[in-house]
Amino acid sequence: MNKRLVLRLLGVILVIEALAMVPATLLALLYGDGDFLAMLESVALPLVIGLPLWRLIKPVDRNLRAREGFAVVALAWILLSVFGAMPFMLSGMLPNFTDALFEAASGFTTTGATVLTDFDTPRHGVMFWRSFTHWIGGMGVLVLTLALIPQMTGRTSHLVRAESPGPSLSKIVPKMGDTARILYTIYGAMTLIEFVALMFAGMSPYDAAIHAMGTAGTGGFSNYAASVGGFDSVAVDVIITVFMFLFGVNFVVFYHISNGEWREAFRNEELRWYLAISGGAILLMTLFVLPQYGSFWTALRHGSFQVGSIISTTGYATADFNLWPQSARMLAFILMFVGSCAGSTAGGLKIVRVAQLCKLGRREIRRSFQPRSVHVIRFDGHGVDETMLSQTAVFFFVYVALILVGALAASLLGSYDLETNFTAALTCVSNVGPGLGAVGPAGSFAGYTPAAKVMFTALMLCGRLELFPILALFAPVLWRR
């Protein structure tokens, strides 16, 4: 383990986090809510620690191997959550460190689960930081770092591979630093377009920024207790619905579209699966809630919004789907597993894995009565390597096992029912946000014990980093020379 290189990279990331807090600090000063000093102190803490690590530690070997890549990514996200919790604590919004850590981790991992219950006290700076963590975490902190400092280390693919959502790493151009800048350019442009559209729909610039960042990062933090439903606007609902689905698409598709390569973009098999699953889910959800709303268009409005919110793992709400029919709640539960496309800002299993698991299941059924036949699983017109299929199956097993262990731990550490505990664990690993029962759209995680909140924080980090970087920290071999 090249510990000097790991420490230097962690220093760079802490400095970038400090700089990321500056906009929220300026807003706190502008609005005069009393949080300016708290934000200023929050900027100083990671800067004082990160700057010496970055500038004073000079590793002899700058070659980043997979081992260092996993360690940097896992430790960076833990440190980001710890220091990102400081504004919540120092401002008094969430004075308990466990609550503040949960909120910060939920923001960076774009989960959107919350322990916050007071939405009435004006805290413009801190609330902006709360949503800005979504925007930073959506595309990835290490990807942002590479976009700003591309020559940070000799080899950077291990960093992005450990942080990127999905089973494989998609490089748009040969150099990873250039790929990072292209991704963030597309990401920023789409966020800006949504921000402008929401202002045209009647939102204030501040509210539009909060909800555009929450949609872009597929996180779902709102500055209103009723979430998007608090605006009661068809135009706002439609705009956010469209962008939730868009941010669930692999950003490589948008790169092809921006270059006029429409045929290449829609040749993407995962995109076709995503559109088919989303379209089918919208139709079913609309039919399930139609008796409750009476009007087809009202049912379509709320049904499509919630399908988009759950499958993109954004977590916004226009209605409390805890009150919907059992069939609608079951569909929402299934979509919490599925997630969106690899290479997007969304969580969940990812569509590509769901598709591969379906094809793998079909192949094994055929093998049961045709044991000597050879069946090659194809995706995007190419045969899928058996190693990739094995990794997908292992990922699914660990994913489900982590949810079950989390649900069991929640039942031991809390006093909620099975539905609440299970969906709380599921929504944290899938980075969705709201679950069912007490942690539904109208509820929160505030009622859980501090130990349970720490456990849920770990689940959110595992889910965002595709499980293995966080779990690898507990492997002794990672730390050996």
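Residues numbered from 1 in each chain as written. Predicted model: local features only at pLDDT ≥ 70, side-chain atom pairs only at ≥ 80, totals over all residues. Heavy atoms only, no water.

Let us now look at the pattern of salt bridges. Counted according to the given criterion, the structure contains 13 salt bridges. As a salt-bridge pair, Glu103 and Arg130 come within 2.9 Å of each other at their nearest N and O atoms. One end of the pair, Glu103, is in helix α6 (residues 97-108); the other, Arg130, is in helix α7 (residues 124-139), with 27 residues separating them in the sequence. In this pair, the class of Glu103 matches that of Arg130, namely buried. Ionic pairing is found between Arg301 and Asp237, a salt bridge with its closest N-O pair at 2.7 Å. With Arg301 in helix α16 (residues 296-311) and Asp237 in helix α12 (residues 234-246), this residue pair connects regions lying 64 residues apart in the sequence. Overall, Asp237 belongs to the buried group, its relative accessible area being 2%. Ionic contacts of the salt-bridge type, sharing partners, join the residues Arg363, Glu364, Arg367 and Glu386 into one network. (Salt bridge = Lys/Arg side-chain N within 4 Å of Asp/Glu carboxyl O. Helix = DSSP H or I, 4+ residues; strand = E, 2+ residues; numbered from the N terminus. Buried < 20%, exposed > 50% of the residue type's maximum accessible area, 1.4 Å probe, protein only.)

Here we take up the packing of aromatic side chains. Enumeration according to the criterion identifies 26 aromatic pairs in this entry. Between the aromatic rings of Phe243 and Phe247, the centroid separation amounts to 6.3 Å while the plane-to-plane angle is 35°, which identifies the pairing as tilted. Each of the two residues, Phe243 as well as Phe247, counts as buried. With a centroid separation of 6.4 Å and 85° between ring planes, the pair formed by Tyr293 and Trp324 is classed as edge-to-face. Highlighted residues: Tyr293 in helix α15 (residues 269-293) and Trp324 in the loop between α16 and α17 (326-338), separated in sequence by 31 residues. Among the residues examined, Trp324 registers a relative accessible area of 5% and is labelled buried. Here the aromatic cluster, defined as three or more aromatic residues joined through ring pairs, consists of Phe128, Phe132, Trp135, Tyr184, Tyr187, Phe243, Phe247, Phe251 and Phe254. (Phe/Tyr/Trp six-rings, centres within 6.5 Å; stacked < 30°, edge-to-face > 60°.)

Before going further, it helps to spend a moment on the confidence of the model for the protein. Of all residues in the protein, 91% have pLDDT values of 70 or greater, and the mean over the chain is 88. When pLDDT is averaged over each helix and strand of the protein, the minimum, 61, is found for helix α9 (residues 157-163) and the maximum, 96, for α12. (pLDDT = per-residue confidence, 0-100.)

A word on the packing of α15 against α16. Helix-helix packing: each pair is described by the crossing angle between the helix axes and the interaxial distance. Where α15 meets α16, the axes come as close as 7 Å, and the angle between the chain directions of the two elements is 135°. The angle between α15 and α16 places the two elements in the oblique class. Viewed along their axes, α15 and α16 form a crossing whose handedness is right-handed. Note on element contacts: α16 touches α15 through Phe296, Thr298, Ala299, Leu300, His302, Gly303, Ser304, Val307 and Ile311, opposite Tyr274, Ile277, Ser278, Ala281, Ile282, Met285, Thr286, Val289, Leu290 and Tyr293. (Axes fitted to C-alpha atoms, helices over the stretch in contact; angles between N-to-C directions. Parallel < 35°, antiparallel > 145°, perpendicular 65-115°, else oblique. Left-handed = near helix turned anticlockwise from the far one by under 90°. Contact = heavy atoms within 4.5 Å.)

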